Amino acid sequence: MRPDAGTTPRTWRKPPFIANPLLRYGLWLAVIVYLVWAFGSLSFNWERIAEGLPRAARIFGGGFPPSFERWGLLATGFKESFQIAILATLLGVALSIPFAVMAAKNVAPKPVYLLGRAVIIVSRSFHPVIVAILFVAAVGFGPLAGILTLTLYSIGFVGKLLAEEIEEIDWGQVEAMRAAGAGYFATLLYAVFPQILPRQVGLSMYQLDSNLRASAVVGIVGAGGIGGTLMNAFGRYDYDFAFAILLMIIVVILISEGISGWVRKKIW
Amino acid sequence: MVDQASLLTERVWQRYDRKQQLIRYAVLLVTAMVVYWAVRDIDIFWPWVWDAPNQISSLGARMWPPDPSRLAVITSALLETVHIATLATALTIFIALPVSYIAAQNTTPNRACLWLGRFILVASRSVNTIIWALLFVAVFGPGVLAGILAIVCRSVGFIGKLMGEAIEEIDRRPVEAMEATGASKAKVILYAIVPQVMPAFFAIVILRWDINIRESTVLGLVGAGGIGVILQGSIDTFAWPTVATILIAIILLVLIGEAITGLLRRKVL
Amino acid sequence: MLEISKLVKRYGRDEPVLKELDLTVEGSSVVSIVGASGAGKSTMLRCINRLVEPTSGSIKLNGTELVNLKGRELRHARRKIGMVFQGFNLIDRLTVMENVLSGRLGYVNLYQAYARRFPQADIERAFQLMERVGIAHYANKRADELSGGERQRVGVVRALMQEPEILLADEPTASLDPRTSEQIMMLLQSLAQELSLPVLINIHNVAQAKTYTERIVGLRHGKMIFDGAPADFNKDALDAIYGGIESPDDEAAFEPGRQEHGVSHDAT
């Protein structure tokens, strides 16, 4: 060990994540300013909030134990949610294929591509609840609005994933079909679809599960299904029934997640 | 003598063999039956279905042209939405990290904690943000607090689950080395686990913030603050051109959010 | 002084991996432990610092019984035992300096650890040790940017930062190329001398064991079957330990050190 030469002690500090000190402190400052601004601009009704804990006690007290008395309503609500989910998935997945083809840079001409991309982006920008409200305003309360909403939702979700898949296919197969003289649609059928369809089944199952969850929610704004039942229960302060509905929603979602996971594993 | 001609006529090509064909038919049949039942049984007034395109386009017509007169209110509501999403995401981190720690098989102190952690994450993920919002509005009244709490409750499950998976996938060898130096559990986590999960952490939080922006737009529909309140108000008063403006504003917000998250991902990861 | 007596390690109901092992290491000798894979070398080493829990038996380091320690006492005992790993076990995303300083984690408090504010004496010692092994210029480099030999040096420095009473090395050169592994063995030998430190090295390169260590302990199926000077370790001993298993490093005739002496800036 070399002897200490008696020089000034060496220091070391950990090199900071952001090297530029101006940027680093600037960022901290920005965060603090933001927090102050955000909290300042939000308004809280403290009196009402203070009532919260006793209210919560009342609600949970009222909600417990959950009451399955009106299980008939529960069953009808879920049945409708299933129906909405099934039909929306079917329609959505079916429609997503043409839209995905339109939105894939490598198989669609430019104007068509832009249109397809636009449709998919718009479908994804809006939360299904907003879309549900609009459809309810257009076609009235009930499962029709729900189906239309979730179809759009499915097109957006599945369509985007499918479009990305199509953009990543092995181009050699398409070339082979073209070289053999196949037309546009025949090429699609033989070269493109076989490459994307296996995933399609998995995606559809995932979307079915997704739509089932979403159908519980769009019902809250009147688009049918168990969500509507839940809203009614809340509105009537029927907290024990509401709690029962919530529990069933969780159970159904868990089961559906389990089934769709199992099915996807089987066909992977 | 071998009869070549008849041999040739025996060969048939089928895309699927017998068993596969049966399975395909069975699945098709079941699906068809389910769909048929769904269509017959559903509580839809079919004339409305055929009228739907008409209705939708007439609604679209009523929304055009978009009305910019309430832009100031809309902008401040949009800002409120962003605040809800951002503050809630930040708050979630403090809750989700400890939960993810106990929900990860390699770091959980004991089985009971593991199940507790997993339960919290599953419950959080299974209840939709809006339902949480409904609950909190009932408890704390309408306002942004209900919205923030709703987003927090839903995000804990998302961030917690993904962080738990990140923790389970770390390289155990640095952990072993740190334990061998006599470091306490906290210091082992600090030096061996935290650096390994940092990239995943940033990616997950950025992603969830993006999703939360979208979720926050609808909280107001049940009274939990943000642009949704203005939206609901405009719909209730049939002010369709204003609704159109709000929708355009929401698209812009989502696009800006995507741009910011894209930028953050490039810079940080 | 390390005293291991009647050490047994058994997993479940299987055959014990270590069968009543006795070993005493006095003063500051460099001891190598050889044996085929599965002989129990790694298990024995890890029993000393309790990374593996012994089933029964006693391990005493300078009079302190290690087998029963828990919690804080165990951590205090571990501080005194430095370990060098086959896979280096560095924290890849942290700098070399942080990795080296992490050897002091048993001595600093949580705040110091978090803020990387280690005592000046630790930093000074870190620099001295890093210069001694030739990696001081890498202080602020990320650990995963270093070569294998350099990483192992970081591992060695980290272990030495603990100011240990004994150094354990679990196949420290198994992941290194032949030339680098010679360098590391030379380093361990000279450091042991300079610091008057007892060193236990698991190794399966018998030639290196003979060249760089003063005593060879041979394990087979969890029992010690050889304990003596390298000079006495002959072909019979080799066969007894490896039982005719062709060890890839079975080069009793190979003379280490007789290679081209290229000058590299990190040779020790």
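Keep in mind that what you see is a predicted model, and the values were worked out from it rather than measured.

Rules behind the numbers
- Residues numbered from 1 in each chain as written.
- Chains lettered and ligands numbered in written order.
- Predicted model: local features only at pLDDT ≥ 70, side-chain atom pairs only at ≥ 80, totals over all residues.
- Helix = DSSP H or I, 4+ residues; strand = E, 2+ residues; numbered from the N terminus.
- Rg over C-alpha atoms; globule rule 2.2 N^0.38 Å.
- Buried ≥ 20, exposed ≤ 12 C-beta atoms within 10 Å, placed from the backbone.
- Contact = placed C-beta atoms within 7 Å.
- Core = buried A, V, L, I, M, F, W, Y, C linked by C-beta atoms within 7 Å.
- Domains from an automatic or database assignment.
- Pairing = 2+ DSSP bridges.
- Axes fitted to C-alpha atoms, helices over the stretch in contact; angles between N-to-C directions.
- Nonpolar A, V, L, I, M, F, W, Y, C, P; charged D, E, K, R; others polar.
- Expected span 1.5 Å × (residues − 1).
- Bend = angle between axes of the 7 residues up to and from the residue.
- Parallel < 35°, antiparallel > 145°, perpendicular 65-115°, else oblique.
- Left-handed = near helix turned anticlockwise from the far one by under 90°.
- UniProt positions renumbered as here; feature names shortened; annotations may be inferred.
- Right-handed = clockwise from strand over helix to strand, strands pointing away.

To continue, consider the overall build of chain B. Along its length, chain B carries 11 helices and 0 strands. Ordering the α and β elements of chain B from the N terminus gives α-α-α-α-α-α-α-α-α-α-α. Here the C-alpha radius of gyration of chain B, 27 Å, is well above what a compact globule of 269 residues would show, namely 18 Å. For chain B, the spread of C-alpha atoms along the principal axes amounts to about 85 × 70 × 35 Å. Of all 269 residues assigned to chain B, the portion counted as buried reaches 44%. Taking all contacts inside chain B whose residues are at least 6 apart in sequence as the whole, residues at least 24 apart take part in 70%.

When its secondary structure is counted, chain A shows 11 helices and 0 strands. For chain A, the sequential pattern of α-helices and β-strands runs α-α-α-α-α-α-α-α-α-α-α. Relative to the 2.2 N^0.38 estimate, which gives 18 Å for 268 residues, the radius of gyration of chain A is 27 Å and therefore markedly larger than a compact globule would have. Oriented by its inertia axes, the alpha-carbon framework of chain A measures out at about 80 × 70 × 40 Å. Within chain A, residue pairs in contact and separated by at least 24 positions form 71% of the contacts whose partners lie at least 6 positions apart.

Now for the nonpolar core. Of all hydrophobic cores here, the largest spans 224 residues; its most connected members are A:Ile245, B:Ala133 and B:Phe136. Sorting elements by how many residues they give to this core places helix 7 (residues 144-168) of chain B first, with 16 residues. Each of domain 1 (15-46) and domain 2 (73-268) of chain B accounts for three or more of the residues forming this core. Ignoring any residue separated from it by four or fewer positions in sequence, one finds B:Ala133 in contact with B:Ala146, B:Gly147, B:Ala150, B:Leu219, B:Val222 and B:Ala224.

Residue and element names in this part refer to chain C. The strand order 2-1-4-5 describes an open sheet built from 4 strands, whose pairing is antiparallel. Because the sheet does not close on itself, it has two edges, and the strands there are strand 2 (18-25) and strand 5 (64-65). Direction of pairing for strand 4 (residues 56-61) relative to strand 5: antiparallel, over a ladder of 2 bridges. Bridge assignment links Leu-61 to a residue of strand 5, and that residue is Thr-64. The strands touched by helix 1 (residues 41-48) are strand 1 (2-9), strand 2 and strand 4; relative to strand 1, the strand with the most contacts, the crossing angle is about 120°.

Okay, the interface of chain B and chain A next. Residue-level contacts link 39 residues of chain B with 40 residues of chain A. Elements represented by at least two residues in the side of chain B that touches chain A include exactly helix 2 (18-41), helix 3 (46-62), helix 4 (71-103), helix 6 (129-140), helix 7, helix 9 (185-219) and helix 11 (240-268) of chain B. Among the elements that take part in the side of chain B that touches chain A, helix 3 of chain B stands out by supplying 6 residues, more than any other. The class makeup of the residues in the side of chain B that touches chain A is 26 nonpolar, 8 polar and 5 charged.

Moving on, we come to the environment of A:Ile245. Residue and element names in this part refer to chain A. Of note, Ile-245 is situated in helix 11 (residues 239-267). Under the C-beta neighbour-count criterion, Ile-245 is labelled buried, with 29 such atoms within 10 Å. Linking Ile-245 and Met-205, residues 40 residues apart in sequence, is a C-alpha distance of 24 Å. Not counting residues within four places of it along the chain, the set of residues in contact with Ile-245 comprises Leu-74, Ile-226, Thr-229, Leu-230 and Ala-233.

With that settled, consider helix 9 of chain B. Note: α-helices contain 3.6 residues per turn, so residues at a spacing of three or four share the same orientation. Taking 1.5 Å of rise per residue, the 35 residues of helix 9 of chain B would be expected to cover 51 Å, yet its terminal C-alpha atoms sit only 40 Å apart, more than 12% below that figure. The sharpest bend along helix 9 of chain B reaches about 50° and sits at B:Val194, with the proline B:Pro195 one to four residues further on.

On to the interface of chain C and chain A. How big an interface is tends to be expressed through the accessible area that disappears when the partners come together. Taken together, the contact between chain C and chain A spans 13 residues of the former and 8 residues of the latter. Among the elements that take part in the side of chain C that touches chain A, helix 5 (residues 120-133) of chain C stands out by supplying 6 residues, more than any other. In the side of chain C that touches chain A, the residues fall into 4 nonpolar, 4 polar and 5 charged.

A separate point is the packing of helix 4 (residues 71-102) of chain A against helix 9 (residues 184-218) of chain A. Residues and elements named next belong to chain A. Where helix 4 contacts helix 9, the two axes come as close as 9 Å, and the packing angle between them is 150°. As far as their axial angle goes, helix 9 and helix 4 are roughly antiparallel. Crossing of helix 4 against helix 9: the hand is right-handed. Between helix 4 and helix 9, the residues in contact are Ser-81, Ile-84, Ala-85, Ala-88, Thr-89, Gly-92, Val-93 and Val-101 and Leu-188, Ser-204, Gln-207, Leu-208, Asn-211, Leu-212, Ser-215 and Ala-216, respectively. By residue class, the composition of the contact of helix 4 with helix 9 is 9 nonpolar, 7 polar and no charged.

The next point concerns the UniProt feature "transmembrane region" (unreviewed entry) in chain B. Residue and element names in this part refer to chain B. As annotated by UniProt and renumbered to match this structure, "transmembrane region" (unreviewed entry) occupies residues 21-39, 71-97, 130-152, 188-209, 216-235 and 241-264. Across residues 216-235 one finds 65% helix and 0% strand; the C-alpha atoms that close the span lie 18 Å apart. A distance of 35 Å separates the end C-alpha atoms of residues 241-264, which is 100% helix and 0% strand.

Next up on the list: the pairing of strand 7 (residues 166-170) of chain C. All names here are of chain C. Burial within strand 7 is extensive, with 5 of its 5 residues counted as buried. Side chains Ile-166, Leu-168 and Asp-170 project from strand 7 onto one buried face, and the interleaved Leu-167 and Ala-169 project onto a second face that is buried too. In terms of strand pairing, strand 6 (residues 81-84) meets strand 7 through 4 bridges, oriented parallel. Looking at strand 7, one finds that Gly-82 is bridged to Leu-167. As paired strands, strand 7 and strand 8 (residues 199-202) are joined by 4 bridges and run parallel to one another. Counterpart to Leu-168 in the pairing with strand 8 is Leu-200. Handedness of the crossover is the feature at issue here: the chain leaves strand 7, passes through helix 7 (residues 178-195), returns alongside strand 8, and the resulting connection is right-handed.

All names here are of chain C. In this sheet, strand 9 (residues 215-220) lies alongside strand 3 (residues 30-35) in parallel orientation, the contact comprising 5 bridges. Note on strand 9: the bridge partner recorded for Val-34 is Gly-218. For strand 9 and strand 10 (residues 223-228), the ladder comprises 5 bridges, and the chain directions are antiparallel. Counterpart to Val-217 in the pairing with strand 10 is Asp-227. Linking strand 9 to strand 10, which pair antiparallel, is a turn of 2 residues; within it His-221 sits at a positive phi near 50°.

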